[in-house]
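# Examination of the molecular architecture
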Amino acid sequence: MPFDLLQRKRTHFVLWRPGSLSPPPALVIGTFLAGNPPSFQPLGRFDLVASPASGDLWEVAAAACGLENGRVYHYWFEVTNANPKTPVGARIQCTDPTAWTVDWRL
């Protein structure tokens, strides 16, 4: 089934994560708090589900995350680390590989 990833990103947070089924990736989202040091106000953690478009595409609808129009949110994907030199099952947070803008202040 063909699909357009960028079109799907209009309504969903999506992550292409081939070969890793359990545990599923998660979305970690919140807001940036300016200060010295800057900090992160968590809004929530949402497990992604396999997309019907492709078994290697994971997603969660933005509407399911309780977001408000006009606000700026910071988010990461939490995935299982695939590095064989790390403990089995270790989780890491990574930026969205398809993000148009990345804010590195945190």
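Residues numbered from 1 in each chain as written. Predicted model: local features only at pLDDT ≥ 70, side-chain atom pairs only at ≥ 80, totals over all residues. Heavy atoms only, no water.

The next subject is the packing of aromatic side chains. Taken as a whole and judged by the stated rule, the model has 3 aromatic pairs. The interplanar angle of 75° and the centroid separation of 5.0 Å between the aromatic rings of Phe-40 and Trp-76 together place this pair among those described as edge-to-face. With Phe-40 in strand β3 (residues 39–47) and Trp-76 in strand β6 (residues 74–80), this pair connects stretches of sequence that are 36 residues apart. Residue Phe-40 is classed as partly exposed on the basis of its relative accessible area, which comes to 24%. Its relative accessible area of 18% is what places Trp-76 among the buried residues. Among the aromatic residues, ring-to-ring pairing joins Phe-13, Tyr-75 and Phe-77 into one connected group. (Phe/Tyr/Trp six-rings, centres within 6.5 Å; stacked < 30°, edge-to-face > 60°. Helix = DSSP H or I, 4+ residues; strand = E, 2+ residues; numbered from the N terminus. Buried < 20%, exposed > 50% of the residue type's maximum accessible area, 1.4 Å probe, protein only.)

Okay, the layout of surface pockets next. Empty space within the largest pocket amounts to approximately 620 Å³. Considering the residues around the largest pocket, the lining is formed by 23 residues, among which Phe-13, Tyr-73, Tyr-75, Ala-99 and Thr-101 are closest to the centre. Broken down by secondary-structure element, the contributors of at least two residues to the lining of the largest pocket are β1 (12–16) and β6. The residue inventory of the lining of the largest pocket, partitioned by class, reads 12 nonpolar, 6 polar and 5 charged. (1 Å grid on protein atoms, 1.4 Å probe; cavity = no way out; pocket = protein on both sides within 12 Å on 5 of 7 lines; lining within 4 Å. Points joined across faces, edges and corners; volume = space filled by probe spheres on them. Nonpolar A, V, L, I, M, F, W, Y, C, P; charged D, E, K, R; others polar.)

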